[in-house]
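# Descriptive analysis of the structure
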There are 2 protein chains.
Amino acid sequence: MLETTISAIRPLDEAAMAAARELHGRLTKPAGSLGLLEDLSVRLAGLAGACPPPVPEPAAVAIFAGDHGVHAQGVSPWPQEVTAQMIGNFLAGGAVVNAFARQAGASVTVVDVGVANPLPVPEAPGAVDASVPRLVAASVRRGTRDLTVTAALTRDEALAAVSTGIRIADELIDAGAGILLTGDMGIGNTTPAAALIAAFTGVDALDSTGRGTGIDDPTYAHKVAVVRAALARHTPDPADPLGVLAAVGGLEHAALAGLILGAAARRTPVLLDGVIAVSAALAAAAFAPDAVGAMVAGHRSAEPGATVALRHLGLDPLIDLGLRLGEGTGALLALPVVTGAVRVLHDVATFDSAGVAEK
Amino acid sequence: MLETTISAIRPLDEAAMAAARELHGRLTKPAGSLGLLEDLSVRLAGLAGACPPPVPEPAAVAIFAGDHGVHAQGVSPWPQEVTAQMIGNFLAGGAVVNAFARQAGASVTVVDVGVANPLPVPEAPGAVDASVPRLVAASVRRGTRDLTVTAALTRDEALAAVSTGIRIADELIDAGAGILLTGDMGIGNTTPAAALIAAFTGVDALDSTGRGTGIDDPTYAHKVAVVRAALARHTPDPADPLGVLAAVGGLEHAALAGLILGAAARRTPVLLDGVIAVSAALAAAAFAPDAVGAMVAGHRSAEPGATVALRHLGLDPLIDLGLRLGEGTGALLALPVVTGAVRVLHDVATFDSAGVAEK
């Protein structure tokens, strides 16, 4: 499934991009006056292979949840059971991601790919486009192993999570989603994200590691040491993304890489949230460099590793508000910018049609 | 009317702000993890004097349109009749502001405060909340005088435009608007905006003047010289905002200052668009310093003067995408961030209510 998906990922369509650039020049606005929105709409035309590209709606948020063996090293002040408890909160509609998803009209799908503790609710299939969040049970194992001691996952486990991500992308797109948004939940998951970012970009652990949900100076120094030790132990090879995900990743990171690849294979845009998403995007780009064409960076997380990863991917984030919550919240805030960029190509009159003089 | 409005503008309510900060600490998210959105929601609680503050909807965009005598100096490559033609485009729903307003569910009101050429359409009163844009005829004069030769407006003319802005704010809020968005249209209007920003902040014309809709190097140098000459001729006194608006402003700038004051007096947030809006916001703040409490900076325009003005006002923009279109487009893109920030205070569960453990 992974190989088939990778082989389906193609470069952006140059003819559609040229058509979008030409159309922008005829619309009733000064050339270039929509800044990055123009570039974004041109890229989405290239992804769709059509000008204008379809308006990217409805939107579907996929929140992949997992736990982390490295939590035992004291990298987070939050107890591990919060991962399972927050899934209950997502399904009850009480989290920030729910508030933003309701506002944006986006569906929410929570996928358990590796939560350690029992979930507070049974699997609820639901309809993909329903306003009620649904849960998909796809646990590979109940949390990763401690990456300071051994590989977090076997290659087979990492592959299973990647495949789940691809499957969820296919299901959401088959059900009509025009854009996928990445979400994540996992106490301790900024530690594997920092390790992934260092492994794929080559920066030092100090530059890829942040304070996550908020940790004090001693905990931060310890977290950097943990990331550095994991990299030294496993010496992950960035040319082997499955190996990197297995050695120092997480199940939600692997599944997000799969979601991104699945979206790219279907030529559907995928709006990235924060540092977990962009660490997974690095893995997806290592599997298939052309997958970057399907990625839209929703926001610049306050985590320093996110900026390192975005620079490596060549992506400009749409929003920069110091968010560091995850869940998909930053992607949801950026969604209207993406749909707005595309609507311009559909809805705006040309100088000719509106009878407006040019300069 | 201006004096009554100014006297109604009060500081933010400290008790409501404290309540919003306290509530943020109990919601199911790490403290501070929503970054600037938390600060924004706290300010809006202070503005409303209530926690949570009302969700700021529906939204109403007010586009003030005017022409400029300084156009004769060759500061813009666009013919002056484009101002009137674009009003036709707004009313036909064909401009970018219309595309974004439809997406955001915002009404569009176009106010002619000083267009030079005949409008292509008659006044159409319409309903404020209708999806059809409406036109309000409130022309003070058919364009300003050339500010390089004489004062752009008399004090009475400037006051008439400010009063129109206040009246429009009142009408929109009376009709139910929960937030006002500033829009503008006026070929040549970045020149008076640059002069206003220099006058109110004290920066040199070189730092307040930009390339507007896109001008070449010689035209840019000429534009800077025009702004500098206007400031040297009129030596506007920043402590006399009506005098500044009359000497070097525009009718849409004056009306926008009035709209902002009107919104602040009604304790209703006003979402600022680009450089025209923030130049008017400087005037509003000079009339009533507490009016800044009602202002939300929608985006950072590509115009350098916008950044100068935002810094002077102490406002952080929500979006930074290199936009330089005006019309209200940047404010509309930022609107979901504002409503999202407030929805968090309404919709998100607390740790207690959701049964989620704290760190």
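These numbers come from a predicted model, not from an experiment. (Residues numbered from 1 in each chain as written. Chains lettered and ligands numbered in written order. Predicted model: local features only at pLDDT ≥ 70, side-chain atom pairs only at ≥ 80, totals over all residues. Heavy atoms only, no water.)

By size, the foremost hydrophobic cluster in this structure holds 282 residues, and its most contacted members are A:L180, A:M295, B:L180 and B:M295. With near-sequence residues (within four places) excluded, A:M295 lies in contact with A:R43, A:I260, A:V270, A:L272, A:A281, A:A284, A:A285, A:L313 and A:L315. (Core = buried A, V, L, I, M, F, W, Y, C linked by side-chain atoms within 4.5 Å. Buried < 20%, exposed > 50% of the residue type's maximum accessible area, 1.4 Å probe, protein only. Contact = heavy atoms within 4.5 Å.)

All names here are of chain A. One way to put it is that helix α7 (residues 190-201) packs onto helix α12 (residues 275-287) with a least axis distance of 9 Å and a crossing angle of 35°. For the crossing formed where α7 meets α12, the hand is left-handed. Only V275, I276, S279, L282, A283 and A286 of α12 make contact with α7, whose side of the interface consists of T190, A193, L196, I197, F200 and T201. Among the residues forming the contact of α7 with α12, the class breakdown is nine nonpolar, three polar and no charged. (Axes fitted to C-alpha atoms, helices over the stretch in contact; angles between N-to-C directions. Helix = DSSP H or I, 4+ residues; strand = E, 2+ residues; numbered from the N terminus. Left-handed = near helix turned anticlockwise from the far one by under 90°. Nonpolar A, V, L, I, M, F, W, Y, C, P; charged D, E, K, R; others polar.)

All names here are of chain A. Domain boundaries in chain A define domain 1 (2-53 + 345-354) and domain 2 (59-338). Taking only C-alpha atoms into account, the centre of domain 1 sits 28 Å from that of domain 2. Contacts between domain 1 and domain 2 engage 17 residues on the former and 24 residues on the latter. With both chains or domains summed, domain 1 and domain 2 bury close to 1700 Å², and 70% of this area falls on carbon and sulfur atoms. Among the residues of domain 1 in contact with domain 2, L2, I9 and L47 are the three that bury the most area, contributing 38% of the side total. Along the contact surface separating domain 1 from domain 2 lie zero salt bridges. For the side of domain 1 that touches domain 2, the secondary-structure elements that each account for two or more residues are α1 (2-7) and α3 (36-48). With eight residues, the single largest contributor to the side of domain 1 that touches domain 2 is α3. Here the residues of the side of domain 1 that touches domain 2 are counted per class, giving 12 nonpolar, two polar and three charged. (Domains from an automatic or database assignment. Buried area = accessible area lost by both parts, 1.4 Å probe. Salt bridge = Lys/Arg side-chain N within 4 Å of Asp/Glu carboxyl O.)

Residue and element names in this part refer to chain B. Ordered in space as β3-β2-β1-β4-β5-β6, the six strands form an open sheet in which the pairing is parallel. Pairing within the sheet leaves two strands with one partner each, and these edge strands are β3 (134-137) and β6 (295-297). With direction set aside, neighbouring strand axes in the sheet form an average angle of 30°. Relative to β6, strand β5 (residues 270-272) runs parallel, the two sharing three bridges. Residue pairing in the sheet places L272 in a bridge with A297 of β6. Packing against the sheet, helix α4 (residues 81-92) makes contact with β1 (59-66), β2 (107-114), β3 and β4 (179-185), and its axis sits at approximately 140° to β4. (Pairing = 2+ DSSP bridges.)

Before going further, it helps to examine the packing of aromatic side chains. Counting across every chain of the model gives two aromatic pairs over all chains. Between the NZ or CZ atom of A:R211 and the centre of the ring of A:Y220, over which it lies, the distance is 4.8 Å. (Phe/Tyr/Trp six-rings, centres within 6.5 Å; stacked < 30°, edge-to-face > 60°. Lys NZ or Arg CZ within 6 Å of the ring centre and 35° of its normal.)

Time to look at the interface of chain A and chain B. Listed as interface residues are 52 residues of chain A and, on the opposing side, 53 residues of chain B. When chain A packs against chain B, the two sides together hide about 4400 Å² of surface, and 66% of this comes from carbon and sulfur. Applying the counting rule to chain A against chain B returns two salt bridges. Residue A:D347 pairs with B:R102 through a salt bridge whose shortest N-O separation is 3.6 Å. The tally of links between chain A and chain B comes to 22 residue pairs in polar contact (both at pLDDT 80 or more). Looking at the side of chain A that touches chain B, the elements with two or more residues in it are α3, α4 (81-92), α5 (96-104), α14 (329-347) and α15 (351-354) of chain A. Per-element accounting of the side of chain A that touches chain B gives the leading share, eight residues, to α14(A). Residue classes in the side of chain A that touches chain B are distributed as 30 nonpolar, 14 polar and eight charged. (Polar contact = N/O pair within 3.5 Å; in protein donor to acceptor, adjacent residues only side chain to side chain.)

This part takes up the relation of the copies chain A and chain B. Overlay of chain A on chain B (RMSD 0.0 Å): rotation 180°, translation along the axis 0.0 Å. Here the transformation between the copies is reduced to the relation of a two-fold axis. Taking C-alpha positions as the reference, the residue of chain A nearest the rotation axis is A:I319, at 3.0 Å. Most of the interface of chain A is mirrored in chain B, where 100% of its interface residues again form contacts. (Least-squares fit on C-alpha atoms with pLDDT ≥ 70 in both.)

A separate point is the pattern of salt bridges. Scanning the model with the defined rule gives 28 salt bridges over all chains in all. Here B:D174 ties to B:R266 by a salt bridge, and the two come within 2.9 Å at their closest N and O atoms. With B:D174 in helix α6 (residues 155-174) and B:R266 in the loop between α11 (251-265) and β5, the pair connects residues that are 92 residues apart, well separated along the chain. Exposure remark for B:R266: the relative accessible area of 33% places this residue in the partly exposed category. A single salt-bridge network, built from bridges that share partners, covers A:R134, A:R167 and A:E171.

With that settled, consider helix α11 (residues 251-265) of chain A. All names here are of chain A. Taking 1.5 Å as the rise per residue, α11 with 15 residues should run 21 Å; its terminal C-alpha atoms sit 21 Å apart, in good agreement. Among the 15 residues of α11, 14 are classified as buried, and the element is accordingly described as predominantly covered. R267 sits one or two positions beyond α11 and adopts a positive phi of about 55°. (Expected span 1.5 Å × (residues − 1).)

We now examine the environment of B:P238. Residues and elements named next belong to chain B. The topology assignment puts P238 in the loop between α9 (217-234) and α10 (241-248). When its relative accessible area of 37% is taken as the criterion, P238 is described as partly exposed. Residues P238 and F287 lie 49 residues apart in sequence; the distance between their C-alpha atoms is 9.8 Å. Not counting the four nearest positions on each side in its chain, P238 is found in contact with A199, F200, V244 and A286.

Attention now moves to the environment of B:L206. Residue and element names in this part refer to chain B. Tracing the chain through its elements places L206 in helix α8 (residues 205-208). Relative accessible area serves as the criterion here: at 46%, L206 is assigned to the partly exposed category. In this structure, the C-alpha to C-alpha distance between L206 and A285, residues 79 residues apart in sequence, is 23 Å. The residues contacting L206, other than those within four sequence positions of it, are Y220, V224 and R228.

All names here are of chain A. When you line up the elements, N117 lands in the loop between β2 (107-114) and β3 (134-137). Placed 242 residues apart in sequence, N117 and K359 show a C-alpha to C-alpha distance of 64 Å. With sequence-adjacent residues up to four places away left out, N117 is seen in contact with D67, Q80, E81 and A84.

Here we take up the side chain of A:S301. All names here are of chain A. In this structure, S301 sits in the loop between β6 (295-297) and α13 (304-313). Engagement of the side chain of S301 in a polar contact is seen with the backbone nitrogen of E303, the distance being 2.9 Å. Apart from residues lying up to four places away in sequence, S301 is in contact with G274, V275, A306 and L323.

Residues and elements named next belong to chain B. It is the contact of helix α7 (residues 190-201) with helix α13 (residues 304-313), at a shortest axis distance of 10 Å, that shows an interaxial angle of 35°. Note that α7 runs across α13; the crossing there is left-handed. Here I197, F200 and T201 of α7 lie close against α13, whose contacting residues are G305, A306, V308, A309 and H312. Its residues assigned to classes, the contact of α7 with α13 comprises five nonpolar, three polar and no charged.

This part is about the confidence of the model for chain A. On average, residues of chain A carry a pLDDT of 96, and 97% of them reach 70 or more. Prediction confidence for the complex, expressed as pTM and ipTM, is 0.96 and 0.96 respectively. (pLDDT = per-residue confidence, 0-100.)

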